Structure formats: C-alpha cells, structure tokens
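What follows is the residue order along each chain.
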Amino acid sequence: MKLELAKHRKAIESSDAILVLACGLGIQSVKENMRVQKPVHVGCDTLFMGAIDSGGSFLERCSACGDCVLEQTAMICPITRCPKGLINGPCGGQNKGKCEIDKDMDCAWILIYNELKVQGKLHLLKEKRPPRDYSKSSKPRQLKLA
Ligand code: SF4
Ligand code: SF4
C-alpha cells in the first residue's frame, strides 16, 4: 500500500480527498499508510468475506472464527451458512432441505449431510463437538508470524 500510494503521490497531493472503493480493511490500510495529509472517505459498506459463484454473486462462506470445523463438515461451514451457527447438526426446522430462517436458502446441515454421504464419512455426524472456544474470536485479534 505504501508503494502504491508513493507511486501516485503527485495525484494525491493535487486532490481534495481520497475516496476508497475497498473493504474496511483496505480503507484502513490506505489511511494508515498515507504520508500526505488528505481526508480519506469510505466508498463501500463492507458486508462480509465472500466467495464468488459462477453467476457473479458474492456468498458469505467463512466468518474467520479461529476454530475451523470444515474437516468434520465436508468443507461446508456451519458457523457461517447456518444462521444459528449450529455445530452439532441441524435444528430440526429445515423443510425439504431449506432453512427455516430463509426458505430460499439451503439448510447448511442438509448440505453437510449430503456431502458427507458422498464422501463416505457419515460417521463424522456422530461425533459430538464441544462448545466453541469463543476466546479465539475475541476482538481485536492479532497474528504474529515471527
Ligand atoms: S469454521 Fe467456518 S468460520 Fe470458522 S474458520 Fe472454518 S470456514 Fe471460517
Ligand atoms: S434449518 Fe438448517 S441452516 Fe437453518 S437454522 Fe436450522 S440447522 Fe441452521
């Protein structure tokens, strides 16, 4: 970011303000790396970390919970895709594979069941998962690699 901002220093100096069309992380990164005193403005409301499908829609697939269960759930995230964030199977409200919270949405646990069945891993559904360790998602989080 520092390099990019340095590359465009002249343009930045001659502008009134910077409008950042990026996620919240990008906006803060611009602000923290600006060496020229200019107002920075938010250009986007960040909704979530999304994966893009073939139709061009962004879909929330991970909540960065810090305690990943994908190995046990056929790579389908129940923390994010089940509105209740259930980790030990469905709530019982699903109807014909659709979620009781949103009838247009697949029940995450039906998806997990079907995928585990294909993979021959249905035994994983019998494993009880302990309550989640929410200390791993207390904010602000930091990761030091060295
Ligand atoms: S369990 Fe879900 S929210 Fe947590 S890290 Fe894995 S994919 Fe992300
Ligand atoms: S119907 Fe399925 S996806 Fe919806 S809240 Fe219940 S378990 Fe979660």
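My aim in this report is to walk through the structure given alongside it, one point at a time. (Residues numbered from 1 in each chain as written. Chains lettered and ligands numbered in written order. Predicted model: local features only at pLDDT ≥ 70, side-chain atom pairs only at ≥ 80, totals over all residues. Heavy atoms only, no water.)

Focus: helix H3 (residues 24-33)
Rules: Here the term buried applies to any residue with accessible area under 20% of the maximum for its type, exposed to any over 50%, and partly exposed to those in between, with areas from a 1.4 Å probe on protein chains only. Numbering goes from the N terminus for both helices and strands, where a helix is a DSSP run of H or I of at least four residues and a strand is a run of E of at least two. In this description, one arc is meant: the one made by directions from the helix axis to the C-beta atoms. Pairs of residues are marked as contacts when any of their non-hydrogen atoms sit within 4.5 Å.
Looking only at H3, the buried set comprises Gly 26, Ile 27, Val 30 and Asn 33. The buried side chains of H3 occupy one side of the element, clustering within an arc of 145 degrees when seen end-on. Seen from the open side of H3, the exposed residues pointing more than 90 degrees away from its buried face are Leu 25 and Glu 32. Close packing links the buried residues of H3 with helix H1 (2-7), strand E1 (18-20) and strand E2 (40-42).

Some details on a nonpolar patch on the surface
How we decide: Patch rule: a residue counts if its relative accessible area is over 30% and it has no salt bridge; like charges are joined within 9 Å, and nonpolar side chains (Val, Leu, Ile, Met, Phe, Trp, Tyr) within 5 Å. Per-residue and other accessible areas follow the Shrake-Rupley method at a 1.4 Å probe size, with only the shown protein chains counted as cover for residues. For this analysis, a salt bridge means a side-chain nitrogen from Lys or Arg found within 4 Å of a carboxyl oxygen belonging to Asp or Glu.
Taken together, the side chains of Leu 47, Phe 48, Ile 52 and Phe 58 present a nonpolar region at the surface, about 470 Å² in accessible area. A relative accessible area of 73% means that Leu 47 is categorised as exposed.

Things to note about the environment of Ile 79
With respect to the helices and strands, the residue Ile 79 is situated in helix H4 (residues 78-81). Setting aside its immediate chain neighbours within four residues, Ile 79 contacts Ser 63, Cys 65, Gly 85, Ile 87 and Arg 132.

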